[in-house]
Amino acid sequence: MVELRIDNRVIEAFEGETVLRAALRNGIEIPHFCYHPCLSIAGNCRICLVQVNSRPKLAPSCNLPATPGMEINTQCEPVRLARHAALQFLTLNHPVDCGICDKAGECQLQNYQVKYGDEPFGIDPKNHKPKFYNLSDRILLDNERCILCGRCVRFTREVSGSFGLGIVERGRRSRVERLNSEVFDDPYSDNIIHLCPVGALLSRDFLYKSRVWFLEPIRSVCPGCSRCCSVNVWKRAKHWQFRSLDEEKNRMIFRITPFDNPDINGPWICNKGFDLHKIQTSKPRALTPLIKEEAASIEDAIRETVRLISHARKPAILLSSYASNEELAACKIALDGKFDIYTRQDFQAGSGETLEDDILIKYDKNPNTAGALALFEPRKWNPLVGHDTVIVWGDGVDFSTLGTSAIIHLTNFENHGEKKADIIIPISTFLERKGSFTNFEGKTNHFEKVFDKPADVIHAADFFERL
Ligand code: SF4
Ligand code: SF4
Ligand code: FES
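Residues numbered from 1 in each chain as written. Chains lettered and ligands numbered in written order. Predicted model: local features only at pLDDT ≥ 70, side-chain atom pairs only at ≥ 80, totals over all residues.

Chemist: When you look at the sheet that holds strand β16 (residues 315-318) in this model, what are you seeing that I'm missing?
Modeler: By definition, the strands of a sheet pair up through backbone hydrogen bonds, in either a parallel or an antiparallel sense. Here seven strands make up an open sheet; going across it, the order is β15-β14-β20-β19-β18-β16-β17 and the pairing mixed. With one partner strand each, in any of the chains shown, β15 (294-295) and β17 (340-342) form the two edges of the open sheet. Pairing geometry for strand β14 (residues 290-291) and strand β20 (residues 423-426), over two bridges, is antiparallel. Paired with I291 across the strands is I423, a residue of β20. Of the strands in this sheet, β14, β16, β18 (389-393), β19 (406-411) and β20 touch helix α9 (residues 298-311), which is tilted by about 130° from β20. (Pairing = 2+ DSSP bridges. Helix = DSSP H or I, 4+ residues; strand = E, 2+ residues; numbered from the N terminus. Contact = placed C-beta atoms within 7 Å. Axes fitted to C-alpha atoms, helices over the stretch in contact; angles between N-to-C directions.)

Dropping the structure here:
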């Protein structure tokens, strides 16, 4: 370790660590735009300048290795003036869009201007650049708001590998653009929206949907593949729900952002993860228990299930690889030894979906195959065994392959297939309960409850306890 002083406080830095990294790790704030811990150092924004050993020439702390005995000053007058100058340079041509910008409330430029900036200055004519340029069908780029930090460009080169973006032209005409092709087709593209320190990169999906201070993040897990990336699900904050004119918006996911989890996904997720809310609402939700296609109460549906099972000669259950570890454990306690238990995967890759890559995306498009296999022997469905009653848990089962068996379906979504289940039990989604999935590497990732479950919907674990 290396010992140095920052603002008269002794701190320890790792060998080779920069002053900025060491400062941030020790809770000392040094403003920065172009620096990001998971990207290479660009050193182009100059907001992170600090004074070293009382020398008159300031140095960029993001590119300054910590050395023993170093004395860093982040508060002296020359640093204060340099920050003002850097902010003045950046804001000179920056539009005053805060009132309509989606980034307002979490914009680094806005925050630093309030904290380190000077009084408003300058009435120079604005430097116009392409506004709301179509970067892709997912992202809009406002080049007037861009501060040319280069984070988005470095992301496509160093993380996603698409090399889809570049900074073109020089001087006041410099701007971010797509490179090489007409499309910016990168399965990780939405990460740049959150990587951008200002509101230059805008999600078309979230555009003008809500001010960010009306929302709160809830920690969850993306069930899109067996990586089980950590995400934040953004819903309307509790104290704003009372003022909502539109009740529906209190049960709405406004956006998904990555939750930095170094063990599983780091600070990134793929675009499927960003679309999690759309996937969850893409099919009509099962909200009413049904017995022989007639609406019933959840109590009657469970009673009828118990009756069917008690008369069954050879009952079976097809497990769900979307079920949480806790639900699978409840199923094991209730049914082990009494049912033939079959493992399976609910979902396969959709058309055009990336099957697998070296970054995050995995071939298995289910979150908890590993959790199911940790509790149950792998066993494939065999129609020849002659089961007379089958509990189908989750999606993706073609009922016509189940022969004449009585079917009890535990599901999140309405089933529009030809053959109907005898009993339909609507169960809660992973957004309506706490739990955990085990990813392909055997790492457990926990998710919190985002919304309450609807009234006639039951948690699968409670259902198994009632059998
Ligand atoms: S668009 Fe955003 S991330 Fe990209 S260079 Fe401009 S300010 Fe930086
Ligand atoms: S890599 Fe898999 S788990 Fe991660 S965000 Fe994409 S689909 Fe979800
Ligand atoms: S953060 Fe150091 S120059 Fe940009």
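Chemist: Which parts of the structure should I look at to understand the site of ligand 2?
Modeler: The local shell around ligand 2 holds 13 residues, among which C222, G224, C225, C229 and G273 are the closest. When the residues that make up the shell around ligand 2 are grouped by side-chain class, the tally is eight nonpolar, three polar and two charged. (Near = placed C-beta within 6 Å. Nonpolar A, V, L, I, M, F, W, Y, C, P; charged D, E, K, R; others polar.)

Chemist: Can you walk me through the site of ligand 1 in this structure?
Modeler: Neighbouring residues of ligand 1: 14 residues in total, closest C146, C149, C152, C196 and A200. Taken together, the residues that form the shell around ligand 1 break down as 12 nonpolar, one polar and one charged.

Chemist: Would you mind showing me how to read the pairing of β16 here?
Modeler: Within a regular strand, the side chains alternate between the two sheet faces. Both faces of β16 are covered, namely the face carrying P315 and I317 and the face carrying A316 and L318. Note: β16 against β18, four bridges, orientation parallel. Looking at the pairing, A316 lines up with V390 of β18. Relative to β17, β16 runs parallel, the two sharing three bridges. Residue pairing in the sheet places A316 in a bridge with D340 of β17. (Buried ≥ 20, exposed ≤ 12 C-beta atoms within 10 Å, placed from the backbone.)

Chemist: Would you mind going over the domain arrangement of the protein chain with me for this structure?
Modeler: Looking at the protein chain, the domain boundaries give domain 1 (2-91), domain 2 (124-208) and domain 3 (290-465). One C-alpha centre belongs to domain 1, the other to domain 3, and the line joining them spans 53 Å. (Domains from an automatic or database assignment.)

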